[in-house]
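Chain residues, written in single-letter form:
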Amino acid sequence: MGTAPPDAVSREKLASEVLERLHEGCQVVGFDYRYLYLNETAVAQARRPHEELLGRTMMECFPGIDGTPMFSELRRVMAERVHHRMENEFAHADGSKGWFELRFVPVPEGVCILSLDITDRKASESALIRTEAQLRQSQKMEAVGRLAGGVSHDFNNLLSVILTYAEFLLKDLSADDPIRADIQEIHTAGLRACDLTRQLLAISR
């Protein structure tokens, strides 16, 4: 013998219990953008007492919301009776911000808005993007460091040859030789260049 189907009251109670247990926020706004229903999750996401929301318009509860991209999409869904999905950043009254994945579903009373809090996921994505950017920058610096180290090493070898020949010439030239001063300048410049290459090598390391 089959079980009798639940009556309308039982079905309404079951639907209400299911909605209240959803991890998604569920709110129904009328054609005048007045809150007709909010489950516990939607109230928690709004960070406002239930009695401050139910029966009031979205504009009354959240001044300025009618100028946001989210409200523009809600207005379009309300008028065209189409489904829409979007991610929206919401500024709470205390100044903090949260990210929500929103689904707009037209219903006879207006629009049902399902909202899933994705703030933590967005924070993780942002942290990952920052980490990847830092890694790319680190890789660039490492490549520059290797290049600078290689160039400095080769340049230092050339300077060693220049300094060695300058020192040989200085030993062979007499104190009054007219080109001795020029050779001395070459030697001095070579020593300064060696100091610079040592600094560059230190930076590359």
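Overview of the structure. (Residues numbered from 1 in each chain as written. Predicted model: local features only at pLDDT ≥ 70, side-chain atom pairs only at ≥ 80, totals over all residues. Heavy atoms only, no water.)

### Looking at the pattern of salt bridges
Once the charged atoms of two side chains with opposite charge are near each other, the side chains can pair. Throughout the structure, instances matching the rule amount to twelve salt bridges. Across the salt bridge formed by R76 and E73, the nearest N and O atoms sit 3.1 Å from each other. Note that R76 and E73 are positioned in helix α4 (residues 69-80) at a spacing of three residues, about one turn of the helix. Residues R85 and E101 are paired through a salt bridge, measuring 3.3 Å at the closest nitrogen-oxygen approach. Pair noted here: R85 is in strand β3 (residues 84-91) and E101 is in strand β4 (residues 97-107), with a separation of 16 residues, a long-range link. The buried category is assigned to E101, whose relative accessible area is 18%. Taken together, the shared-partner salt bridges connect E87, R121, K122 and E125 into one network. (Salt bridge = Lys/Arg side-chain N within 4 Å of Asp/Glu carboxyl O. Helix = DSSP H or I, 4+ residues; strand = E, 2+ residues; numbered from the N terminus. Buried < 20%, exposed > 50% of the residue type's maximum accessible area, 1.4 Å probe, protein only.)

### Overview of α4
In this model α4 runs 16 Å from its N-terminal to its C-terminal C-alpha over twelve residues, within 8% of the 16 Å that 1.5 Å per residue would give. Of the surrounding elements, those touching the buried residues of α4 are β1 (25-30), α3 (58-61), β3, β4 and β5 (110-117). (Expected span 1.5 Å × (residues − 1). Contact = heavy atoms within 4.5 Å.)

### A closer look at the nonpolar core
Ranked by size, the top nonpolar core spans 24 residues in total, and within it V29, Y35, M58, F62, L74, F104 and V111 carry the most contacts. Among the secondary structure elements, those contributing two or more residues to this core are β2 (35-38), α2 (40-46), α3, α4, β3, β4 and β5. The element best represented in this core is α4, accounting for five residues. Beyond its immediate sequence surroundings of up to four residues, V111 is in contact with Q27, V28, V29, L74, V77, M78, R81, F104, V105 and P106. (Core = buried A, V, L, I, M, F, W, Y, C linked by side-chain atoms within 4.5 Å.)

### What to know about the environment of G149
Within the fold, G149 resides in helix α5 (residues 119-172). Accessibility expressed as a relative area gives 16% for G149, which makes it buried. As a C-alpha pair, G149 and T197 span 48 residues in sequence and 8.9 Å in three-dimensional space.

### Details of the sheet that holds β2
Spatially, five strands are ordered β2-β1-β5-β4-β3 in an open sheet, and the strand pairing comes out antiparallel. Only two strands of the sheet have a single partner each, and these edge strands are β2 and β3. Within the sheet, the average angular offset between the axes of one strand and its neighbour, ignoring direction, is 25°. Where β1 meets β5, six bridges bridge the pair, whose relative direction is antiparallel. Bridged to C26 within β5 is L114. Set on the sheet, α5 makes contact with β3, β4 and β5; between it and β4 the angle comes to about 130°. (Pairing = 2+ DSSP bridges. Axes fitted to C-alpha atoms, helices over the stretch in contact; angles between N-to-C directions.)

### Quick notes on the packing of aromatic side chains
Aromatic ring pairs are described here by two measures, namely the spacing of the ring centres and the angle between the planes. Tallied over the full model, the rule gives three aromatic pairs. When the ring of Y33 is compared with that of F71, the centres are 4.7 Å apart and the planes differ by 45°; the resulting orientation is tilted. Here Y33, found in the loop between β1 and β2, pairs with F71, found in helix α4; they are 38 residues apart in sequence, far enough to count as distant. For Y33, a relative accessible area of 13% corresponds to the buried category. For F71, a relative accessible area of 2% gives the class buried. Between Y165 and F168, the ring centres sit 6.4 Å apart and the planes meet at 80°, which makes this aromatic pair edge-to-face. Separated by three residues within a single helix, Y165 and F168 lie in helix α5, roughly one turn from each other. By relative accessible area, Y165 is classed as exposed at 55%. (Phe/Tyr/Trp six-rings, centres within 6.5 Å; stacked < 30°, edge-to-face > 60°.)

These values are about where atoms sit, not about what they do.
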